[in-house]
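What the coordinates show
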Amino acid sequence: MSETLLPKTICWVGGLDGWIEMIDQTLLPGELKVLACHDVETLWEAIRNLRVRGAPAIGIAAAMGVVLGIRDSRSSGEFFDNLAGVCSYLAGSRPTAVNLFWALDRMRARAEALRGADLKVLKQAMLAEAQAIRDEDAATCRAIGEVGQSLIADGAVLVTHCNAGGLATSEYGTALAPMFRAHELGRRFKVYADETRPLLQGSRLTAWELARAGIDVTILCDNMVGHLMSRTQVSLVITGADRIASNGDTANKIGTYGLAILAKAHNVPFYVAAPRSTFDRTLADGSMIPIEERPADEVRKGFGRLTAPEGVACYNPAFDVTPAALIRGIITEVGLVSPVTPGNIRKIFTDEACNEPERR
Ligand code: MRU
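Calculation notes
Counting from 1, residues in each chain are numbered in the order their sequence is written. Under the rules for a predicted model, residues below a pLDDT of 70 receive no local features and side-chain atom pairs below 80 are neither given nor counted, while totals for whole chains, interfaces and linings still include all residues. Computation of side-chain values covers all heavy atoms of the structure but excludes hydrogens and water. Secondary structure elements are defined from DSSP: runs of H or I of at least 4 residues count as helices, runs of E of at least 2 residues count as strands, and each element is numbered from the N terminus. In this description the radius of gyration comes from C-alpha coordinates, and the expected globular size is given by 2.2 Å times residues to the power 0.38. For every residue, the accessible area obtained with a 1.4 Å probe (protein chains only) is divided by the maximum for its type, and the residue is called buried under 20%, exposed over 50%, and partly exposed between those limits. Residue contacts follow a heavy-atom distance rule, with two residues in contact if any of their heavy atoms lie within 4.5 Å. To be clear on the numbers: accessible area is Shrake-Rupley with a 1.4 Å probe, and residue cover counts the displayed protein chains and nothing else. When charges are tallied, Lys and Arg are placed among the positive residues and Asp and Glu among the negative ones, while His and the ends of the chain are skipped. By convention, charge coordinates are those of NZ in Lys, CZ in Arg, CG in Asp, or CD in Glu. At least two bridges found by DSSP between two strands are what make those strands a pair. Helix axes are fitted to C-alpha atoms over the stretch in contact, other axes to C-alpha atoms as well, and angles between N-to-C directions run from 0 to 180 degrees.

Attention now goes to the overall build of the protein. When its secondary structure is counted, the protein shows eleven helices and 14 strands. In terms of overall dimensions, the protein is globule-like: its C-alpha atoms have a radius of gyration of 20 Å, near the 21 Å expected for 360 residues. In terms of principal-axis extent, the alpha carbons of the protein reach across some 65 × 55 × 40 Å. For the protein, the proportion of its 360 residues judged to be buried stands at 56%. Across the protein, contacts joining residues at least 24 apart in sequence account for 75% of those joining residues at least 6 apart. Surface accessibility of the protein: about 14400 Å² in total, with carbon and sulfur atoms responsible for 53%. Side chains of the protein carry 38 positive and 42 negative charges; the gap between the two charge centres is 3 Å.

Written as C-alpha cells, this is what we have:
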C-alpha cells in the first residue's frame, strides 16, 4: 500500500500527556481528515459512530482510550478505580468486535501484573502496552498478508465485503493484506468490492484503499454478487471478521453470510482473514456472538435524504454470522486454518511456535 503520504489509521501522539489521532473514516473518500481525541468521551463517540472502525482498529482505539482514562489518577487506588471505570465505559461502545474486549482485558491484565508498583510506572506501562498492541497488530497484518498471498494466483478474480484493510487495522489490513502482498509480488488480479450497505465501507473505504495501491478494483451493490458469480468465474472470496467462535463460526459485516452462501452455490472458496485476537474461545459457536443493532436512519436516510417513508419500521443488524461449514479456511498470522474445525482452531493457540495465553 502506498502509505507514505497517508496519516496513520490510529496512533498515539506524544507521551502520557499526549492524545490519540485517527483518520475520521466517516468522511472518506471525500475528505481525508485527522481527528484528535483528548478525552475518553470523544473516543467513545468515535468508536460508536465508526470514525474508527474495523475490529483490530477498535481494539487499538480502546487500548489507547484506557491511557486517556487513567493518566490523571493521583494515587494507585484512584488509578485502579479509573481503570475499571474507563474499561467498562469503552466496553459499551460497540458489542460485536471481540478485539475491543480483548484489548481492554490485556490492558487490565498488564496493570494487575504491576499492582503495588509506583503510580508513574503504572501509567507508563499503560501507554507502552497500548503502543505494543498497535505495533503487534502491524506485524500481525503483514504476517496475514504473507500467509494469504499464495491463495491469489496471477489472473485471479476476488470478491471482498466491507473494509478489512489498513483503515480497519493499524495498517495493511486482514482481508486486504493478501491482496496488498500479492500485488507487491507482481501478481495481477481483479477485486470486486461489495458496496456494503448501509454504511458503504466497501465502496467508500475498500475501493479507496485498493485504488490507491494500484490494484484493479470494481465496486458493485451487494445484491449484484449472485449475478456476478453466475456470469464470471470468481476465484475466491476473502472477508475479515469481528469475532470467531471456538468452532469457526464467524461474525462479520452484515451481508457476509449471504455472500458465503452465494460462494458455496457457485463453488467459490470462501476465506476469512483474521488475527488470533479476533477469536473468542469462550464461545462454543456463533449463536452466542452479540450482534450490534444500529439506528434505523442509517438505512432510512442512508444517502443524506429519506429513502423510505418517514418512521417506517427498519431492521438494521450491523453483523451476521457465517457458519464454519461455509468457510474454506481462516487466514491467520500463524498459518491457514483449514478445514475450519475446533481442533484446528485450538492448534493455532497451542502450537509451541505461536504460544499465547488463554484469554478471558
Ligand atoms: O462496522 P464496521 O465497519 O466496524 O465492521 C467492520 C467489519 O465487519 C470488518 O470486516 C471486520 O471488523 C474486520 S476488520 C479487519
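Anyway, onward from the coordinates.
Before going further, it helps to examine the sheet that holds strand β10 (residues 270–273). Taken in spatial order, the seven strands of this open sheet run β6-β5-β4-β7-β10-β13-β14, and their pairing is mixed. The outermost strands of the open sheet, each flanked by one partner alone, are β6 (216–220) and β14 (335–337). For this sheet, the mean inter-axis angle between neighbouring strands, taken without regard to orientation, is 25°. Pairing of strand β5 (residues 190–194) with β6 involves five bridges; the strand directions are parallel. Opposite Y192, over in β6, you have T218 as the bridge partner.

On to the environment of V67, then. Note that V67 resides in helix α2 (residues 55–70). For V67, a relative accessible area of 0% translates into the label buried. Once the C-alpha coordinates of V67 and S93 are considered, the two residues, 26 residues apart in sequence, prove to be 16 Å apart. The contact partners of V67, leaving out residues within four places of it in the chain, are W12, L16, M107, M126, L127 and A130.

All right, on to the sheet that holds strand β8 (residues 243–245) then. If you walk across this open sheet you meet the four strands as β11-β8-β9-β12, and the pairing is mixed. Strands with a single pairing partner mark the edges of an open sheet, and in this sheet they are β11 (279–280) and β12 (319–322). As defined by bridge partners, β8 adjoins strand β9 (residues 250–253) across two bridges and the pair is classed as antiparallel. Residue pairing for β9: R243 is matched across the bridge by A251. Seen against the sheet, helix α9 (residues 256–265) touches β9 and β12 and runs at an angle of roughly 35° to β12.

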